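Structure at a glance
Each chain, letter by letter, is given below.
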Amino acid sequence: MQDRIPPSPQIWPETAAYWDAANEGRLLLRRCLDTGRAYHYPRPHSPFTGSGNTEWMQASGKGTVYSLSVLPRAQPPYCIAYVELAEGPIMLSNLLTEDLASLRIGQPVQVCFVASASGQMVPMFEPC
Amino acid sequence: MPLKGQAYIVGAYEHPTRHALDRSLGQLHVDVAAGALADAGLSWADVDGYFCAGDVPGWEAQGAGPLSMVEYLGLNLRHLDTTESWGSAYLNHVAHAVQAIAAGKCRVALITQAGRPRAEKFSPEASHRLQTQSAAESPFEAPYGPVVTNVYGMCAQRHMYEHGTTAEQLAWIKVAASHHAQHNPHAMLRQQVTVQDVLDSPIVATPLHRLDCCVISDGGGALVVAHPEVARSLKRPLVTPIGAGFAVKHLNGGHFDILASGGVQTGREAFAQAGVRPADIQYASLYDSFTITVLMQLENLGFCAPGEGGRFVADGGLISGIGRLPVNTDGGGLCSNHPGNRGGMTKVIEAVRQLRGEAHPQVQVPDCRLALAHGTGGQLGARHGSATLILEREA
């Protein structure tokens with residue numbers, strides 16, 4: 001489905017759990033326990049309050065396309081997107097499909113996992 | 001603190017080059033410094049404050065660049081400010097220079113900017129990787145291949161989705177820039193283009209075409225900001241900042257509106273400080289890395305309501321002498337110059353030209369007394385610095 005092999009992420013100690021979960025096919029988010037809001041990208045402190053009163057949570061993996069852009073002349077062409085997750089945060093990702101021209105804002109999508117250059121799995125999304 | 005009359009922009013200079021094969025980066029900074037000081041009628045020895053951002057040579061060695069630059073220029077300083085916020089930095093520097101002068105930290109402030117990405121065969125992809133590899137967000141973004149064009153593409157796509165904005169309306173922004181650039185002998189792209197020309201150019205990142213993008217050019221510019229006593233001793237028109245705003249807009253843990261840039265905050269602050277309204281502005285320099293950049297900033301700064309930008313720019317809305325708001329009368333980044341991929345400096349310079357009555361006669365706004373310059377540094381669809389300046393020419 002996708003020929004492009006994504007570059008591998010640099011894995012820092014604070015977010016290693018996110019990448020371990022991705023290797024198990026699970027998408028993690030971080031939640032601020034003071035406000036109850038989930039956030040992405042993950043970090044130990046809440047970007048809303050600065051507090052360390054936060055925890056990991058497993059995301060449903062469901063979302064809708066908030067915006068997208070296709071690079072038609074890249075080799076191979078690919079689609080970058082902001083996906084609005086069911087839990088609230090918008091995350092940057094790629095949309096995978098045979099027909100890049102068919103992708104639309106508002107379209108429901110579901111997480112999938114793709115091996116990066118090092119073998120580390122990274123979350124991406126496909127129409128559902 | 002009111003800004004008006006605290007200090008004046010007395011010197012402004014844009015390097016004529018767009019391809020600096022014969023100049024090093026350091027020499028470009030020297031060239032523009034000399035040009036702005038000559039424009040002001042001041043000398044090297046008068047400078048006691050220097051302002052620069054991450055485009056000085058040596059910046060890649062942490063902390064070394066600005067000191068090296070001060071030495072190469074040969075300045076003897078009482079004040080140094082290296083606030084870095086990419087292309088918006090230089091508008092911020094003007095506001096900081098006024099504050100420093102008002103606080104007695106310096107009397108003559110020099111601001112320089114330069115770059116030579118064209119000579120160095122700049123690659124947006126390679127540059128993006130290099131810039132962000134140690135940044136906290138990088139692991140969560142780099143795998144997905146964000147290059148500048150597709151991040152702005154997502155802004156345009158969302159604007160089209162929410163407001164029905166069309167590719168034709170965006171193209172009018174390039175048409176206006178090209179209309180102005182035909183009168184600028186230094187502009188990289190002097191040929192007038194039509195809406196159809198833009199639509200016929202290849203798609204770079206959906207929905208943006210090649211002609212929706214700015215040029216990649218070498219060069220730079222400089223400004224001199226001076227204490228009122230110094231300014232009045234010179235023979236230049238008195239141009240003073242009367243309002244300023246700065247903001248960093250970021251993704252806020254994934255809770256953001258991609259169509260609301262930092263300009264929402266900076267416009268509000270700058271207009272409040274200046275005591276004027278968008279309808280009072282006679283000329284606007286708006287950052288134009290892409291056509292969508294201009295459209296969003298028009299809305300964010302309050303020149304029109306959210307969603308009205310497409311209609312605002314259509315049918316020559318930004319062309320001097322024709323439209324409702326003359327924008328980027330030098331041809332802007334879209335057609336003239338985007339030196340070092342940092343367009344904020346040239347934005348201030350063209351606003352100063354307009355206020356002095358020194359723009360090209362074909363694009364000069366009659367009796368221009370009130371102008372706005374706005375810069376974006378970074379990416380509108382992600383984290384960026386926004387800076388607004390409102391400038392007035394005193395009678």
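Values in this document were obtained by computation on a predicted structure and should not be read as measured data.

All right, on to the overall build of chain A then. For chain A, the helix and strand inventory stands at 1 helix and 8 strands. In sequence order, chain A lays out its α and β elements as α-β-β-β-β-β-β-β-β. In terms of C-alpha radius of gyration, chain A reaches 15 Å, essentially the compact-globule figure of 14 Å for 128 residues. In terms of overall dimensions, chain A has a C-alpha envelope of 45 × 30 × 20 Å along the principal axes. In chain A, which comprises 128 residues, the proportion classed as buried is 41%. Summarising the internal contacts of chain A: among those between residues at least 6 apart in sequence, 50% fall at separations of at least 24.

Residue and element names in this part refer to chain B. Regarding helix α2 (residues 64-73), the residues found buried are G65, P66, M69 and L73. In an axial view of α2, the angular spread of the buried residues amounts to 95°, which keeps them on one side of the axis. Tucked into the core, α2 has its buried residues touching α1 (25-40) and β3 (79-81).

To continue, consider the nonpolar core. All names here are of chain B. Formed by 156 residues in total, the largest nonpolar core has its most connected members in A36, V94, A109, V224, V225, V348 and L389. Ranked by residues supplied to this core, first place goes to helix α3 (residues 89-102) with 9 residues. V224 has contacts with V10, G11, A36, L37, A40, L42, V108, A109 and L110, leaving out every residue within four places of it along the chain.

Our focus in this paragraph is the packing of α3(B) against helix α13 (residues 344-356) of chain B. Residues and elements named next belong to chain B. It is the contact of α3 with α13, at a shortest axis distance of 6 Å, that shows an interaxial angle of 60°. Classed by the angle they form, the pair α3 and α13 counts as oblique. Along the contact surface, α3 presents A89, Y90, L91 and V94, while α13 presents G344, M345, K347 and V348. Its residues placed into classes, the contact of α3 with α13 shows 6 nonpolar, 1 polar and 1 charged.

Okay, the confidence of the model for chain B next. On average, residues of chain B score 96 in pLDDT, and 99% of them are at 70 or above. Predicted as a complex, the structure gets a pTM of 0.97 and an ipTM equal to 0.97.

We now examine the pairing of strand β1 (residues 28-32) of chain A. All names here are of chain A. Counting buried residues along β1, 5 of its 5 residues qualify, which places the element largely inside the surrounding structure. Residues of β1 alternate between two faces, with L28, R30 and C32 on one and L29 and R31 on the opposite face, all of them buried. Two elements, β1 and strand β3 (residues 54-58), share 5 bridges in a ladder whose sense is antiparallel. Among the inter-strand pairings, C32 is bridged to a residue of β3, identified as T54. Of the pairings in the sheet, the one linking β1 to strand β2 (residues 38-39) comprises 2 bridges and is antiparallel in character. Paired with R31 across the bridge in β2 is A38. A loop of 5 residues connects β1 with β2, the two strands running antiparallel in sequence, and G36 in this loop sits at a positive phi of about 75°.

A separate point is the sheet that holds β1(A). In spatial order, the strands read β2-β1-β3 (chain A); together these 3 strands make up an open sheet with antiparallel pairing. A strand with exactly one partner marks an edge of an open sheet, and here the two such strands are β2 and β3 of chain A.

Calculation criteria
Residues numbered from 1 in each chain as written. Chains lettered and ligands numbered in written order. Predicted model: local features only at pLDDT ≥ 70, side-chain atom pairs only at ≥ 80, totals over all residues. Helix = DSSP H or I, 4+ residues; strand = E, 2+ residues; numbered from the N terminus. Rg over C-alpha atoms; globule rule 2.2 N^0.38 Å. Buried ≥ 20, exposed ≤ 12 C-beta atoms within 10 Å, placed from the backbone. Contact = placed C-beta atoms within 7 Å. Arc of directions from axis to C-beta. Core = buried A, V, L, I, M, F, W, Y, C linked by C-beta atoms within 7 Å. Axes fitted to C-alpha atoms, helices over the stretch in contact; angles between N-to-C directions. Parallel < 35°, antiparallel > 145°, perpendicular 65-115°, else oblique. Nonpolar A, V, L, I, M, F, W, Y, C, P; charged D, E, K, R; others polar. pLDDT = per-residue confidence, 0-100. Pairing = 2+ DSSP bridges.

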